[in-house]
Amino acid sequence: HTHIITMRNKEKAKFPVARIKRIMQVDEDIGKVAQATPVLISKALELFMQLLIDESCHETRARSAKRLALSHVKEAIRKHAAFDFLRDIVNSRNDKEKDGGGTGGGGEAEGGGERVGSGRRKRKDAG
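Procedures and definitions
- Residues numbered from 1 in each chain as written.
- Predicted model: local features only at pLDDT ≥ 70, side-chain atom pairs only at ≥ 80, totals over all residues.
- Heavy atoms only, no water.
- Phe/Tyr/Trp six-rings, centres within 6.5 Å; stacked < 30°, edge-to-face > 60°.
- Helix = DSSP H or I, 4+ residues; strand = E, 2+ residues; numbered from the N terminus.
- Axes fitted to C-alpha atoms, helices over the stretch in contact; angles between N-to-C directions.
- Parallel < 35°, antiparallel > 145°, perpendicular 65-115°, else oblique.
- Left-handed = near helix turned anticlockwise from the far one by under 90°.
- Contact = heavy atoms within 4.5 Å.
- Nonpolar A, V, L, I, M, F, W, Y, C, P; charged D, E, K, R; others polar.
- Salt bridge = Lys/Arg side-chain N within 4 Å of Asp/Glu carboxyl O.
- Buried < 20%, exposed > 50% of the residue type's maximum accessible area, 1.4 Å probe, protein only.
- pLDDT = per-residue confidence, 0-100.
- Core = buried A, V, L, I, M, F, W, Y, C linked by side-chain atoms within 4.5 Å.

1. Description of the packing of aromatic side chains
Argument step 1. With the rule as written, the count across this model stands at two aromatic pairs.
Argument step 2. Judged by centre distance (5.9 Å) and plane angle (45°), the rings of Phe48 and Phe85 are tilted. Placement of the pair is Phe48 in helix α2 (residues 36-62) and Phe85 in the loop between α3 (70-79) and α4 (87-96), with a sequence separation of 37 residues.
Argument step 3. One aromatic cluster is present, built from ring pairs that chain together Phe48, Phe83 and Phe85.

Right, dumping it as structure tokens:
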């Protein structure tokens, strides 16, 4: 069914609407931003992330792995047409990182697989 994005839905946003608006306004070509626009972008991000996670989980189950690994996310990106725009990023990272085993042949079960989010940067203190 269709969702109508209104300001009432703002409190249900999974991604921070104010931050999305700030990111949009960094671009000098973007002037004023309608209130509903960042809310819509937040919902689009939520749906995109859900699809990526669902497809990655499908890969995890297909390999009978117990843990979602970076290799599962990469394979989901390679297989699903909606993620075509990410393929170059995934392919370029293959050369730079050791992945947790592309076949699922025990790397994930023994903890050798790379976890999604394990490369997160720590936030610098503002003070």
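This is not the end of the story, as more comes after the structure.
2. Quick notes on the packing of α2 against α3
Argument step 1. Two elements in contact, α2 and α3, have axes whose closest approach is 8 Å; the angle formed by their N-to-C orientations is 110°. Here α3 runs roughly perpendicular to α2, going by the angle between their axes. The two elements α2 and α3 cross, and the hand of that crossing is right-handed. Taking contact as the criterion, the partners of Leu52, Glu55, Ser56, Glu59 and Thr60 in α2 are, on α3, His72, Val73, Glu75, Ala76, Ile77 and Lys79.
Argument step 2. Grouping the constituent residues of the contact of α2 with α3 by class yields four nonpolar, three polar and four charged.

3. Re the pattern of salt bridges
Argument step 1. Scanning all chains against the criterion turns up four salt bridges.
Argument step 2. In this structure, Lys79 and Glu59 form a salt bridge, with 3.1 Å as the shortest nitrogen-oxygen distance. Of the two residues, Lys79 is situated in helix α3 and Glu59 in helix α2; the sequence distance between them amounts to 20 residues.
Argument step 3. A relative accessible area of 6% means that Glu59 is categorised as buried.
Argument step 4. Among the ionic pairs, Glu75 bridges to Arg78, the shortest N-O distance being 3.7 Å.

4. Considerations on the confidence of the model for the protein chain
Argument step 1. In this model, the protein chain carries an average pLDDT of 77, and 65% of its residues clear a pLDDT of 70 or more.
Argument step 2. The least confident element of the protein chain, judged by mean pLDDT, is α4 at 76; the most confident is α2 at 95.
Argument step 3. Across residues 99-119, where pLDDT falls below 50, the model places 38 contacts with residues more than four positions away in sequence or in other chains.

5. Quick notes on α3
Argument step 1. In terms of burial, α3 is a largely internal element, seven of the 10 residues being buried.
Argument step 2. Three or more residues of α3 are buried, namely Leu70, Ser71, His72, Val73, Lys74, Ala76 and Ile77.

6. Quick look at the nonpolar core
Argument step 1. Counting residues in hydrophobic clusters, the biggest one holds six residues: Leu52, Val73, Ile77, Phe83, Leu86 and Val90.
Argument step 2. Excluding anything up to four places from it in sequence, Val90 contacts Lys74, Ile77 and Arg78.

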